[in-house]
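# Coordinate analysis (summary)
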Amino acid sequence: LFQFLSELFAMADDDEELRRAIALSLGQIPGQAPGQADGRAPAAEDEGLFEDAELRQSMLSMVSGEVWLWLLANTTPELRGTTTDSSSKGEMLAVVERALRNQGMTLGQRDLWASPEALATNPTPSTAPLPARAAVGPAAQKAGNDRFDRWDYPQGASQRRSRQVDPSPAGLAAIGMSPVPPADAQAMFERMFGSSATNDDYSRWEDQAFTFSDVPLCRFGLVQRSGGPCGVLAPVGGFMLRFLLFSGRPPAEFPFPAGFPSDDEREASLVDALCYIMYRATSASRYAVVFASTGGNPSAPAMYQRAFNTIGEVQQFYASHFEQLLRQPTSVMSFVYSVLSTRGLGVAQQEMDEADALLVGRFGHCQQELLNLMLIGRATSNVCDGSQYAGGNPETGLLVSGVPDDARVEVGYISQLEANRYLTVGSRYKFPEFPLWVVGSATHYTLLFCLSPEAAKLSPAKELQQKADAAFNKHAIDTEGGMATPDKLRDMMRDLAVSYPQLNDAAVDEARTAIAQDQILLSTDFRMWVAQKLLPDGEPPQAQTTTLFLLDGQSPPGPSVTKVVVEACNVDTNMGMPDQNEFQATIQTRWVGHIVTSTPL
């Protein structure tokens, strides 16, 4: 695409010539031959236009000629401001992708409109099954009737539903599912497992259903049978608790009362959790439910799919066919395919730092891209806030993507890798909307939760520090070293004033006198001055002790729950504590300056 657009801009001197060039090159306007798109014979300078047949064919295979005409007509003013060197590639593609999304389209879709007359209107989403390789990325907005609400699960539905299952092609066809084209199924399989996945890696996923725990203490939990799928089960369990504990009237203490949640409640929370993850994975009103069959050749999987236009229809489908779709050996793997197809392979690939990144690694272990896809609906590769240059140095040219600014984080994440100083988890993951965190160790994912919503909140001082750091880093010359030039102080204060209006021009002059007299402005000085200005009385009192619970769904030996108590102290826990284990050190990456004790229940 970049090569295609670059050649167009190299040949066209004005916007009208640009639109004519694409019509000539593609020759796809109905009833007109190449060179006749504007009603005249091709000029001499048109000869040899896009002689690269392979390039031309790849453009034709992406979208129809009519769409390309519309695309160029609607993006020309914005694209005119870009150059055609490699540094502008991302900017140019972003403009094109945004224009397509505004019409409910993405790169990779074919024959989107049947006639050129349809260019004048925004097409109604098709009810046909979604091709897995069509990059069904976020559109401008969802349809008005596509709104997520908790599923109204009929009382006693879990006891009345049918236990009969027919995973055969005929049985799947009976519930409206159709075969995924082999090439599309292969593309999804390779994005998840790669072309060199072992049978052991695949079998860890092929044998994992959504199974509720029978342990009275853990009735709310999902059971993990083999290593690997915990990176999906833990986030799904987090969203289940998001609905069970923070909607309606949740239990006031743990252990929960006997019988909580009921069979109906946990089935409803599972359907809600799965559909909510899918809902967040795209802002278009297009969803694909995929089911992968068992057996056969793993490298040539058989998949079936059904498309929907509202998330309510997906909830109804999962609830009506609960046993068929969610209780079978491939149910967890099939759900990953469903989210991936709904997000779009093309969109997910663009979000990854490396185009060949896989969702599942060695030993079936979930990669960060898959975990992020479950938690925030984006297949980004890192856990930092936003996008950052590796090492904080723009000169590296390596920009890594984490949790975007517009991502809603309801279930957070903390990692043992931060305790081991391999990475730093950003504040967006550490302070989610709800007191729910996936905990990552070197080989396993578990779920940490608290009954008090206050446990998830940023303290006023921490929130101020986060915003001050963001304002400083935006204008810094060295984010890793925390250095900026004093002339950027006004810009920093202007950014902060959005949240703190008291930082007016007089405050800027005051700060310049206090901290910007030297040639270098340090982040520590900026942060300290802002804190003294906005929080002169210091940090308001915070809870001294927080009680949390860790759910581990691995069976054997579990499922199990561990009580975790974090208690504020005056000891610098960054220096290490006697007899401290890796789990305690991981908890302290979120609760800095706290002593951590854990007790199995």
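Summarised in this report is the structure supplied together with it. Note that the structure is a prediction, hence the values are computed from the model and not measured. (Residues numbered from 1 in each chain as written. Predicted model: local features only at pLDDT ≥ 70, side-chain atom pairs only at ≥ 80, totals over all residues. Heavy atoms only, no water.)

## A look at the overall build of the chain
Convention followed: Under the scheme used here, helices are H or I runs from DSSP no shorter than 4 residues and strands are E runs no shorter than 2 residues, and both carry numbers assigned from the N terminus. In this scheme, a residue with accessible area under 20% of its type's maximum is buried, one over 50% is exposed, and one in between is partly exposed, where area comes from a 1.4 Å probe on protein chains only. Contact between two residues is taken to exist if any of their heavy atoms lie within 4.5 Å; hydrogens are not considered. Reported accessibility uses the Shrake-Rupley method at a 1.4 Å probe radius. Residues are deemed covered only where the shown protein chains occlude them.
Secondary structure assignment for the chain yields 23 helices and 13 strands. For the chain, the proportion of its 601 residues judged to be buried stands at 51%. When contacts within the chain are restricted to residue pairs at least 6 apart in sequence, those whose partners lie at least 24 apart make up 70%. Summing over all exposed atoms, the chain offers an accessible surface of approximately 27,300 Å²; the carbon and sulfur share of this is 49%.

## A look at the packing of helix 20 (residues 489-497) against helix 21 (residues 505-515)
Spelled out, the test is: Only the contacting stretch of a helix is used when fitting its axis, a line to C-alpha atoms as for every element, and angles between N-to-C directions run 0 to 180 degrees. Orientation labels follow simple angle bins: below 35 degrees gives roughly parallel, above 145 gives roughly antiparallel, 65 to 115 gives roughly perpendicular, and whatever is left gives oblique. Crossing handedness: left-handed means the near helix sits turned counterclockwise from the far one by under a right angle, and right-handed means the same turn made clockwise. Note on residue classes: Ala, Val, Leu, Ile, Met, Phe, Trp, Tyr, Cys and Pro are nonpolar, Asp, Glu, Lys and Arg are charged, and everything else, Gly too, is polar.
At a closest axis distance of 10 Å, the pairing of helix 20 and helix 21 adopts a crossing angle of 135°. With respect to each other, helix 20 and helix 21 are oriented oblique. Remark: the crossing between helix 20 and helix 21 carries right-handed chirality. Contacts between helix 20 and helix 21 involve Leu489, Arg490 and Met493 from the former and Asp505, Ala507, Val508, Asp509, Ala511 and Arg512 from the latter. Counted by class, the contact of helix 20 with helix 21 contains five nonpolar, no polar and four charged residues.

## Observations concerning the packing of aromatic side chains
Put simply, the rule is: Two rings from Phe, Tyr or Trp (for Trp, the six-membered ring) form a pair when their centres sit within 6.5 Å of each other. Planes less than 30 degrees apart are called stacked, planes more than 60 degrees apart edge-to-face, and all others tilted.
Within the structure shown, the criterion is met by 23 aromatic pairs. When the centroid spacing of 5.6 Å and the interplanar angle of 80° are considered together, the rings of Phe220 and Phe449 count as edge-to-face. Placement of Phe220 in the loop between helix 9 (199-206) and helix 10 (230-245) and of Phe449 in strand 8 (residues 445-449) is noted, with a sequence separation of 229 residues between them. In terms of burial, Phe220 and Phe449 fall into one category: buried.

## Quick notes on the sheet that holds strand 8
This is how the line gets drawn: A strand pair is defined by DSSP finding two or more bridges across the two strands.
Across the sheet, six strands lie side by side as 6-7-8-11-12-13; this open sheet has mixed pairing. Strand pairing shows two members of the sheet lacking a second neighbour, strand 6 (412-415) and strand 13 (594-600), which therefore form its edges. Pairs of neighbouring strands in the sheet enclose a mean axial angle of 30°, with direction left out of account. As judged from the seven bridges shared by strand 12 (residues 560-568) and strand 13, these two strands associate in the antiparallel manner. Residue pairing across strands places Val565 opposite Thr597, the latter belonging to strand 13. On the sheet, helix 16 (residues 368-376) packs against strand 6, strand 7 (436-440) and strand 8 and is oriented at approximately 155° with respect to strand 6.

## A short note on the pattern of salt bridges
The condition that has to hold: The term salt bridge refers to a pairing of a side-chain nitrogen on Lys or Arg with a carboxyl oxygen on Asp or Glu at a separation within 4 Å.
For the coordinates displayed, the defined rule picks out 19 salt bridges. With its nearest N and O atoms 3.5 Å apart, the salt bridge here joins Arg147 to Asp149. Between Glu433 and Arg408 there is a salt bridge, with the nearest N and O atoms lying 2.5 Å from each other. With Glu433 in the loop between helix 18 (427-430) and strand 7 and Arg408 in the loop between strand 5 (399-401) and strand 6, this residue pair connects regions lying 25 residues apart in the sequence. Exposure remark for Glu433: the relative accessible area of 40% places this residue in the partly exposed category. One connected set of salt bridges, linked through shared partners, spans Arg242, Arg280, Arg408, Glu410 and Glu433.

## Here's the deal with the nonpolar core
Test applied: Throughout this description, the term nonpolar core refers to a set of buried Ala, Val, Leu, Ile, Met, Phe, Trp, Tyr and Cys residues connected via side-chain atoms within 4.5 Å.
Core analysis: the biggest nonpolar cluster contains 99 residues, and Trp205, Val236 and Phe335 have the highest contact counts within it. The dominant element in this core, judged by the number of residues it contributes, is helix 10, at 11 residues. Filtering out sequence-adjacent residues up to four positions away, Val236 remains in contact with Phe210, Leu222, Leu270, Ala273, Leu274, Ile277 and Phe335. Ala468, Met492, Leu496 and Phe526 belong to the second largest nonpolar core, which has 22 residues in total.

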